[in-house]
Amino acid sequence: MSDKHSSYSPKTGIERWFDARLPLPRLVHDSFIVYPVPRNLNYVYTFGGILTVMLVSQILTGIVLAMHYAPDTGLAFDSVEKIMRDVNSGWLLRSLHANGASFFFIAAYVHICRGLYYGSYKAPRELLWLLGCTNLLLMMAIAFMGYVLPWGQMSFWGATVITNFFTAIPLAGGWFQRLLLGGFAVSNPTLNRFFALHYLLPFVLAGVVTLHVWALHVVGQNNPAGIDVKSKTDVVDFTPYATVKDAFGIIVFLFFFAYFVFYLPNYLGHPDNNTIANPLKTPAHIVPEWYFLPFYAILRAITFNVGPIDSKLGGVLAMFGSIAVLFAVPWLDRSKVRSAVYRPRYRVFFWLFVANGLFLGWLGSRPAEGTYIVLSQLATLYYFAFFLIALPVLGFIEKPRRLPNSITEAVLEKNRGAGAKRRSPGRTPKVERR
Amino acid sequence: MAELSEIETGTAALPAEAMARVEVDVSSLMPGMSLVVQWRGKPVVVRNRTEKEIEDGKAVSLAELKDPIARNANLPADAPAIDANRAVPGKEAWIVMVQVCTHSGCIPVGQQGEFKGWLCPCHGSQYDTAGRIRKGPAPENMAVPVVQFIADTRIRIG
């Protein structure tokens, strides 16, 4: 993988002229055409490309929406209605943008779980992982502020509830909350600054994504076998192999996305947000957008005081901790084997973690009462135990399966296994024509 | 310049919100009736309590309270949360408080829940007839702002 020699050779005069001054064509050639990728990448590895497409789509639709949107508490709600009714294709832009946020998160969560499953955070990819975690944090901030902009009831009360949690932080919490809000309550200055930041942060995200991709291209891609590239037979060229595979993955993903955009545009939203924000009336049931539900469940699970930390601060700490713990994953996992394919016990804990995450999401959508609270506490316990206990301890007690000597061997082993299964006894194997 | 000062200080432009005072005519409030006014962008409930509500409020001992502090801007910071310390000074029937849940800032619904006080729809915090937190995740009693009767049927908040 560390073949740093560039195979680019400019063919025309213009290319030579550019190459001597700003070797951009060389960068593209080396990074996206002859860049070697492991030959065993499967379709979950296309989600990086899918995320890039979603980011670009969100920025493009967002810029046009911003041309029609008015960030003023007296105008915001009506300007969004205007976009839906009067602006040419405004309904489409908004549907793409609002559902785009959801699908961005779907892709991000798959991408993160892929990293957890195949151990993509382990040396030398720690920094790559940290940049990815930063991207997740940025996405969350952007999505939260974007949801406030339509100035519906859920916008207003979501913003109120979330910003109020900062008051739980001792000393500086109240000051920070007023800084976020620009006043004592969610009001016009809040909307102004959320709009400004919602427009700014996606470009910061694009910058961190660039670093993420850069770091990826320095250390090379991990792969389902989780072993390093050792020879030329382990890799294929990025183009056409990865390009075509990514393109196909993107098209399938966009198929689902388009289904929501055109046929279920409001399915992931809340009816309450079609009512204009009313600072004097809280909706009966406040829930965040679906992609925040697991973290919301963790927040509400802490209903008890722990020493000097009261339940309110404890909830906030647990919620932020649930993201912060992701940053520590490269150092929490003590196993020498990367991929869960060769880690039979870790695989069980991983899938439990995924199921637990979905369960937390469901709990987050339930009212905070009775058994839901107890279940949230148990699920929160597992969430943290997975990172803080399972990851470090498994590294010592788990006996991994034998690793193949190379990616090539892993692929051939798998193909041989699959071929044997296909040729079931009782059937005459067809003669292979090659 | 107001915009600039907001960014610099991180808080609201002073004249607009911080200094705001509200005067309310409460002549229409019979016992058992409430009204809500907006003060500093937040709802403040003014309630003329019924006899039963006052009795219920008085019957509670400090030991039963999750937050034993009055949280009343008209009293010293450590005043105990007895019923009289939650009402408008000298007017035990009248409760004036910022109707914002101390947990996450939602607006509790009045005359609901186990204690017939206020019930927060967001996370189920329950307040009694004196606006004191009794059950649920909220840490504090709802805040009583600076308030006084400036005439028989007129209240000034702030």
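To be clear, the structure that these remarks concern was listed above.
Remember, it's a predicted structure, so these values are computed and weren't measured experimentally. (Residues numbered from 1 in each chain as written. Chains lettered and ligands numbered in written order. Predicted model: local features only at pLDDT ≥ 70, side-chain atom pairs only at ≥ 80, totals over all residues. Heavy atoms only, no water.)

Colleague: Explain the overall build of chain B to me, please; I cannot follow it from the model alone.
Modeller: Assigned secondary structure in chain B consists of four helices and 10 strands. Seen in sequence order, chain B has helices and strands lined up from the N terminus as α-α-β-β-β-α-α-β-β-β-β-β-β-β. Within chain B, buried positions represent 47% of all 158 residues. Surface summary for chain B: the accessible area is close to 7,200 Å², and the carbon and sulfur share equals 56%. (Helix = DSSP H or I, 4+ residues; strand = E, 2+ residues; numbered from the N terminus. Buried < 20%, exposed > 50% of the residue type's maximum accessible area, 1.4 Å probe, protein only. Areas by Shrake-Rupley, 256 points an atom, 1.4 Å probe, with all protein chains shown as cover.)

Colleague: It is not clear to me how the overall build of chain A should be interpreted in this structure. Could you clarify?
Modeller: The helix and strand tally for chain A stands at 15 helices and two strands. Whereas a compact globule of 434 residues would reach a radius of gyration of roughly 22 Å, chain A reaches 25 Å, a difference of no more than 12%. Summarising its shape, the C-alpha atoms of chain A cover approximately 75 × 60 × 50 Å along the three principal directions. In chain A, which comprises 434 residues, the proportion classed as buried is 48%. Long-range pairs, those at least 24 residues apart, make up 79% of the contacts in chain A with a sequence separation of at least 6. Accessible area for chain A stands at about 22,400 Å²; split by element, carbon and sulfur atoms hold 69% of it. Across chain A, the centroid of the 39 positively charged side chains sits 9 Å from that of the 22 negatively charged ones. (Rg over C-alpha atoms; globule rule 2.2 N^0.38 Å. Contact = heavy atoms within 4.5 Å. Lys, Arg positive; Asp, Glu negative; His and termini not counted. Charge placed at Lys NZ, Arg CZ, Asp CG, Glu CD.)

Colleague: Just to check I follow, could you spell out the pairing of strand β4 (residues 94–98) of chain B for this structure?
Modeller: Looking along a regular strand, one sees the side chains alternate between the two faces of the sheet. Residues and elements named next belong to chain B. Burial of β4 is extensive: five of the five residues sit out of reach of the surface. The alternating pattern of β4 places Trp94, Val96 and Val98 on one face and Ile95 and Met97 on the opposite face, and all of these are buried. Judged from the five bridges that link them, strand β3 (residues 42–48) and β4 form a sheet pairing that is antiparallel. Bridge pairing in β4 places Val46 opposite Val96. (Pairing = 2+ DSSP bridges.)

Colleague: So what exactly am I meant to see when it comes to the side chain of Ser120 of chain A here?
Modeller: All names here are of chain A. Secondary-structure assignment places Ser120 in the loop between α5 (90–117) and α6 (126–148). Of note is the side chain of Ser120, whose polar atom sits 3.1 Å from the side chain of Asn222. What Ser120 contacts, discounting residues up to four positions off in sequence, is Tyr45, Arg114, Gly115, Arg125 and Asn222. (Polar contact = N/O pair within 3.5 Å; in protein donor to acceptor, adjacent residues only side chain to side chain.)

Colleague: It is not clear to me how the sheet that holds strand β6 (residues 117–119) of chain B should be interpreted in this structure. Could you clarify?
Modeller: Hydrogen bonds along the backbone pair up the strands of a sheet, which may run parallel or antiparallel. All names here are of chain B. The strand order across the open sheet formed by four strands is β5-β6-β7-β8, and the pairing between neighbours is antiparallel. Edge positions in the sheet fall to β5 (109–112) and β8 (133–135), since each of these pairs with one other strand and no more. Relative to β8, strand β7 (residues 126–127) is paired through two bridges, and the arrangement is antiparallel. The residue bridging Tyr127 from the neighbouring strand is Ile133, located in β8.

Colleague: Sorry, what's going on with the packing of helix α3 (residues 47–68) of chain A against helix α10 (residues 238–263) of chain A here?
Modeller: Two measures define how a pair of helices packs: the angle their axes make with one another and the distance between the axes. Residue and element names in this part refer to chain A. Close contact between α3 and α10 brings their axes to 9 Å; oriented N to C, the two are set at 55°. Overall, the two elements α3 and α10 adopt an arrangement that is oblique. As for how α3 packs across α10, the hand of that crossing is right-handed. Residues Phe47, Gly49, Ile50, Val53 and Met54 of α3 touch α10, and the partners they reach there are Gly249, Ile250, Phe253 and Phe257. (Axes fitted to C-alpha atoms, helices over the stretch in contact; angles between N-to-C directions. Parallel < 35°, antiparallel > 145°, perpendicular 65-115°, else oblique. Left-handed = near helix turned anticlockwise from the far one by under 90°.)

Colleague: Before we go on, may I ask you to explain the nonpolar core in this structure?
Modeller: Nonpolar side chains in soluble globular proteins tend to end up buried together. Core analysis: the biggest nonpolar cluster contains 134 residues, and Leu116, Tyr346, Tyr383 and Phe387 of chain A together with Trp94, Ile155 and Ile157 of chain B have the highest contact counts within it. For this core, the element with the highest residue contribution is α6 of chain A, accounting for 13 residues. In this structure, Tyr346 of chain A is in contact with Leu116, Tyr117, Tyr121, Ala340, Phe386, Leu391, Leu394 and Glu398 of chain A, ignoring residues within four places of it in sequence. Within the second largest apolar cluster, nine residues are counted, among which are Val337, Ile407, Ala410 and Val411 of chain A. (Core = buried A, V, L, I, M, F, W, Y, C linked by side-chain atoms within 4.5 Å.)

Colleague: Help me out: how do you make sense of the interface of chain A and chain B in this one?
Modeller: Note: interface size is frequently given as the accessible area lost on complex formation between the parts. Counting residues at the interface gives 29 residues for chain A, matched by 25 residues for chain B. Summing both sides of the interface, chain A and chain B together bury roughly 2,100 Å²; the carbon and sulfur share of this comes to 59%. Viewed at the interface, chain B and chain A are joined by zero salt bridges. One can count six residue pairs in polar contact (both at pLDDT 80 or more) joining chain A with chain B. Only α7 (153–164), α8 (173–181), α9 (188–219), α11 (293–301) and α12 (311–332) of chain A provide two or more residues apiece to the side of chain A that touches chain B. If you tally residues by element for the side of chain A that touches chain B, the top one is α7 of chain A, at four residues. Considering only residue class, the side of chain A that touches chain B consists of 15 nonpolar, eight polar and six charged. (Buried area = accessible area lost by both parts, 1.4 Å probe. Salt bridge = Lys/Arg side-chain N within 4 Å of Asp/Glu carboxyl O. Nonpolar A, V, L, I, M, F, W, Y, C, P; charged D, E, K, R; others polar.)

Colleague: Would you explain the pairing of strand β10 (residues 154–157) of chain B in this entry?
Modeller: All names here are of chain B. Side chains of β10 alternate between two faces, with Ile155 and Ile157 buried and Arg154 and Arg156 left unburied. For strand β1 (residues 22–25) and β10, the ladder comprises four bridges, and the chain directions are antiparallel. Pairing of Asp25 across the sheet is with Arg154, part of β10. Sheet topology places strand β9 (residues 147–151) next to β10; four bridges connect them, and they run antiparallel. Residue pairing across strands places Ala151 opposite Arg154, the latter belonging to β10. Counting the residues between successive antiparallel strands, the hairpin from β9 to β10 contains two residues.

Colleague: Can you help me understand the pattern of salt bridges in this one?
Modeller: Once their charged atoms are close, side chains differing in charge can pair, the charge on each being opposite to the other. The final tally for this structure, using the stated rule, is 20 salt bridges over all chains. A salt bridge links Glu398 of chain A to Arg343 of chain A; the shortest N-O distance between them is 2.8 Å. Pair noted here: Glu398 of chain A is in the loop between α14 (371–397) and α15 (407–422) and Arg343 of chain A is in the loop between α12 and α13 (344–365), with a separation of 55 residues, a long-range link. Since its relative accessible area comes to 8%, Glu398 of chain A is described here as buried. Of the residues examined, Arg343 of chain A reaches a relative accessible area of 0% and is grouped as buried. With a shortest N-O distance of 2.8 Å, Asp67 of chain B and Arg71 of chain B are connected by a salt bridge. One network of salt bridges, in which partners are shared, links Lys122, Asp333, Arg343 and Glu398 of chain A.

Colleague: What am I meant to see in the packing of aromatic side chains here?
Modeller: The way to describe two aromatic rings as a pair is by their centre distance and the angle between their planes. All told, the structure shown has 46 aromatic pairs over all chains when counted by the stated rule. Between Trp290 of chain A and Tyr291 of chain A, the aromatic rings sit 5.6 Å apart at their centres with planes inclined by 75°, giving edge-to-face as the arrangement. Look at Trp290 of chain A and you get partly exposed, because its relative accessible area is 26%. Pairwise contacts between aromatic rings join Tyr45, Tyr117, Tyr118, Tyr346, Phe350, Trp351, Phe353, Tyr382, Tyr383, Phe384, Phe386 and Phe387 of chain A into one cluster. Here Arg40 of chain B stacks its cationic end above the ring of Phe184 of chain A, 4.9 Å away from the centre of that ring. Over the face of the ring belonging to Phe149 of chain B we find Lys91 of chain B, whose NZ or CZ atom lies 4.3 Å from the ring centre. (Phe/Tyr/Trp six-rings, centres within 6.5 Å; stacked < 30°, edge-to-face > 60°. Lys NZ or Arg CZ within 6 Å of the ring centre and 35° of its normal.)

Colleague: Explain α13 of chain A to me, please; I cannot follow it from the model alone.
Modeller: Every α-helix winds through 3.6 residues per turn, so residues three or four apart in the chain are directed the same way. Residues and elements named next belong to chain A. For α13, spanning 22 residues, the distance from its first C-alpha to its last is 33 Å, which sits close to the expected 32 Å at 1.5 Å a residue. Among the residues making up α13, those that are buried are Tyr346, Phe350, Phe353, Asn356, Leu360, Gly361, Leu363, Gly364 and Ser365. Residues of α13 that are buried make contact with α5, α11 and α14. (Expected span 1.5 Å × (residues − 1).)

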